[in-house]
Amino acid sequence: MTNIAICAPATPITREQAAALEQLVAAEFPMHTVTFHDQCFELDGHFAGPDLRRLEALLDCANDPAYDAVWFAKGGYGSNRIAEAAIAQMNETARSKTYVGFSDAGYMLAALYRHGIGQAVHGSMPVSAGNEGGREAIRRVLKWFAGDNSGLEPSVDGKTPAVAFNLITLAMVAGTPVMPDLEGHVLMVEEVSEHLYSIDRLFFSLSGSLPRLAGLRLGSVTNVPENYRDFQYTPEEIAKFWCARAGIPYLGRAQIGHTSGNCVVPFGLASPSGD
């Protein structure tokens, strides 16, 4: 059995969204238990409670030996505001846990991976349990927790270290104290709700700061706003252009992103099993 604690380092979810996940777990994954921290439902403007409250909730979940894993409830901006403080206060128990999320949760995953705390994992989050497409993505995570690797991103082979990030999140992490060393890694990136020119700009920014990668894969680029003028290049053309400029091997597409097809990517060379 995997005992999973859920907290919201960035923005809140609703009790209805929590109930949808609880129902899914009870019906299909009785080998797991999920426990939502009350902080997940709190409101403080944009955030799921003030910074200190979100930090306390994360540490409650990470440092408690009763839980095997911490699952971030939702993305939305905010995790970066508490990432460094969280890392500084995590105990030995926290170092044995699995941490799952993506999008804005990439700030926390980056910090954890940099400091060698637990197993950071790109995966869909509880907020998506309210619709069938989201549930399908969540099932991949729950299966992985149970040792079923069918939901892994297909290129993950356990031989070359891999990471997966939202593109703008990674660009904001670069050059900060939570940026991990990605030398020799396959980097997978995805994006949502950004103009194509913004995606080009993000690749420009990253291309000058990334170490020597084993390669880059492009995930889904969705909900692209319409610009007043056609940008001309597709997301894949943008990725190929900046990879060529930076000398990074472009390896093709990745099955990650803000879609129902979002797959699981364990960071690094850890065993791809959730056991």
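Before any of the text, the structure's been laid out above.
Quick look at the structure, then. Just so it is clear, the structure is predicted and the values come from calculations on it, not from any experiment.

**Some remarks on unusual backbone geometry**
(1) Moving on: Residue Ser-193 is not a glycine yet carries a positive backbone phi of 60°.
(2) Moving on: For Ser-193, the position within the fold is in the loop between β7 (186-192) and α7 (196-207).
(3) Moving on: Take Ser-193: its relative accessible area is 37%, and that puts it in the partly exposed class.
(4) Moving on: Even without a glycine there, the phi angle at Asn-223 is positive, about 55°.
(5) Moving on: Positionally, Asn-223 belongs in the loop between β8 (215-222) and α8 (235-246).
(6) Moving on: Residue Asn-223 is classed as exposed on the basis of its relative accessible area, which comes to 57%.

**Points about the packing of aromatic side chains**
(1) Moving on: The final tally for this structure, using the stated rule, is 9 aromatic pairs.
(2) Moving on: Taken together, a centroid distance of 5.3 Å and an interplanar angle of 65° make the contact between Phe-165 and Phe-267 edge-to-face. A residue pair is termed long-range when its members are at least 10 positions apart, and Phe-165 in strand β6 (residues 162-166) and Phe-267 in the segment after β10 (265-266) qualify at 102 residues.
(3) Moving on: Overall, the relative accessible area of 1% leaves Phe-165 in the buried class.
(4) Moving on: By relative accessible area, which is 2% here, Phe-267 ends up buried.
(5) Moving on: Each member of the aromatic cluster is reached from another via a ring pair, and the members are Trp-71, Trp-144 and Phe-145.

**As for the environment of Ala-120**
(1) Moving on: On the secondary structure map, Ala-120 appears in strand β5 (residues 119-122).
(2) Moving on: For the pair Ala-120 and Thr-98, spaced 22 residues apart in the sequence, the C-alpha separation amounts to 6.1 Å.
(3) Moving on: If sequence neighbours within four positions are ignored, Ala-120 has contacts with Tyr-99, Leu-109, Val-265, Pro-266 and Phe-267.

**Description of the packing of α7 against α8**
(1) Moving on: Relative orientation of the contacting elements α7 and α8 amounts to 20°, with a least axis distance of 10 Å. One way to sum up the angle between α7 and α8 is to call them roughly parallel. For the element pair α7 and α8, the recorded crossing hand is right-handed. In this structure, α7 uses Leu-196, Ile-199, Asp-200, Phe-203, Phe-204 and Ser-207 to contact α8, whose residues at the interface are Pro-235, Ile-238, Ala-239, Trp-242 and Ala-246.
(2) Moving on: Residues that form the contact of α7 with α8 fall into these classes: 9 nonpolar, 1 polar and 1 charged.

**Quick notes on the side chain of His-185**
(1) Moving on: Position of His-185 among the secondary structure elements: in the loop between α6 (167-173) and β7.
(2) Moving on: By relative accessible area, His-185 is classed as buried at 6%.
(3) Moving on: Reaching out from His-185, the side chain makes a polar contact with the backbone oxygen of Glu-183 at a distance of 3.0 Å.
(4) Moving on: Among all residues touching His-185, those that are not within four sequence positions of it are Tyr-113, Pro-161, Ala-162, Val-163, Leu-213, Ala-214 and Gly-215.

**Remarks on the pairing of strand β3 (residues 69-72)**
(1) Moving on: Every second residue of β3 is oriented toward a common face, with Ala-69 and Trp-71 on one face and Val-70 and Phe-72 on the other, all of them buried.
(2) Moving on: Note that strand β1 (residues 2-7) and β3 share 4 bridges and pair parallel. Bridge pairing links Ile-6 to Trp-71 in β3.
(3) Moving on: Crossover β3 to strand β4 (residues 98-101) through helix α3 (residues 83-89) is right-handed.

Analysis parameters
- Residues numbered from 1 in each chain as written.
- Predicted model: local features only at pLDDT ≥ 70, side-chain atom pairs only at ≥ 80, totals over all residues.
- Heavy atoms only, no water.
- Helix = DSSP H or I, 4+ residues; strand = E, 2+ residues; numbered from the N terminus.
- Buried < 20%, exposed > 50% of the residue type's maximum accessible area, 1.4 Å probe, protein only.
- Phe/Tyr/Trp six-rings, centres within 6.5 Å; stacked < 30°, edge-to-face > 60°.
- Contact = heavy atoms within 4.5 Å.
- Axes fitted to C-alpha atoms, helices over the stretch in contact; angles between N-to-C directions.
- Parallel < 35°, antiparallel > 145°, perpendicular 65-115°, else oblique.
- Left-handed = near helix turned anticlockwise from the far one by under 90°.
- Nonpolar A, V, L, I, M, F, W, Y, C, P; charged D, E, K, R; others polar.
- Polar contact = N/O pair within 3.5 Å; in protein donor to acceptor, adjacent residues only side chain to side chain.
- Pairing = 2+ DSSP bridges.
- Right-handed = clockwise from strand over helix to strand, strands pointing away.

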